[in-house]
Amino acid sequence: MKKPPTDNSASVHKEMRVFRRSRRSSKPAAKAPLDSLVAMAGQLAKLQGEARKLGIFVGDRELIACPTCGLMEDELVDGRLVTCHEIGGPDTGMRFAAHPRGEDKLICPECGTVLRPQWL
Ligand SMILES: [Zn+2]
């Protein structure tokens, strides 16, 4: 024998009807979440750019080490990117720079070797 609906189940059914109606009526506005996502991606890119200017490693690629001279990147606990010749060594103050003919390549500031890090 089927149980009669309680007040609670009637309320749930009413909410489901409202939900279904709102889903149908929101079809023309389905682009809104995508616009929101695009806006957030733009904000994230802007924040990453500002972080880079402050010397913070944003984690968009692996840390690199030059196979020619041994200069390597390290990330400090506070997120700053430094270069050194041994783990925990003093910061040389030099930074690997973007290659002028390709953003996916970096140039060692010490010896000029062109490196292609793994971008994430
Ligand atoms: Zn080098």
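Throughout, a residue's number is its position along its own chain's written sequence, starting from 1. Two thresholds apply to this predicted model, a pLDDT of at least 70 for residue-level local features and 80 or more for giving and counting side-chain atom pairs, whereas whole-chain, interface and lining totals are computed over all residues.

So, on to the overall build of the protein chain. Secondary structure counts use DSSP, requiring at least four H or I residues in a row for a helix and at least two E residues in a row for a strand, with both numbered from the N terminus. Along its length, the protein chain carries two helices and five strands. Of the regular secondary structure in the protein chain, the N- to C-terminal order runs α-α-β-β-β-β-β. The buried share among the 120 residues of the protein chain stands at 5%. Whether two residues are in contact is decided by their C-beta atoms, placed from the backbone, lying within 7 Å. At a minimum sequence separation of 6, the contacts of the protein chain that also span at least 24 residues come to 34%. As a rule, residues whose C-beta atom has 12 or fewer other C-beta atoms within 10 Å are exposed, those with 20 or more are buried, and those in between are partly exposed; C-beta atoms are placed from the backbone.

Attention now goes to the nonpolar core. What we call a nonpolar core is a set of buried Ala, Val, Leu, Ile, Met, Phe, Trp, Tyr and Cys residues whose membership is set by joining through C-beta atoms within 7 Å. Counting residues in hydrophobic clusters, the biggest one holds five residues: Cys 66, Leu 71, Phe 96, Leu 106 and Cys 108. In this structure, Leu 71 is in contact with Cys 66, Thr 83, His 85, Thr 92, Met 94, Cys 108 and Glu 110, ignoring residues within four places of it in sequence.

Here the focus is the sheet that holds strand β3 (residues 97-99). Sheet strands line up and pair through hydrogen bonds in the backbone, either parallel or antiparallel. Only strands that DSSP links by at least two bridges are regarded as paired with each other. An order of β3-β4-β5 is seen for the three strands of this open sheet, with the pairing classed as antiparallel. Of all strands in the sheet, those bounded by a partner on one side alone are β3 and β5 (114-115). Bridge analysis of β3 against strand β4 (residues 102-107) gives three bridges, and the strand direction is antiparallel. The partner of Ala 98 across the bridge, within β4, is Leu 106.

Considering the arrangement of structural elements, one finds Phe 96 in the loop between β2 (81-84) and β3. Sequence separation between Phe 96 and Cys 66 is 30 residues, and the spatial gap between their C-alpha atoms is 9.4 Å. Once you skip the residues sitting within four places of it in the chain, Phe 96 turns out to touch Ile 64, Glu 73, Leu 106, Ile 107, Cys 108 and Pro 109.

Relative to β2, strand β1 (residues 72-75) runs antiparallel, the two sharing four bridges. Bridging from a neighbouring strand, Glu 73 pairs with Thr 83 of β2. What sits between β1 and β2 in their antiparallel hairpin is a turn of five residues, with Gly 79 showing a positive phi close to 95°.

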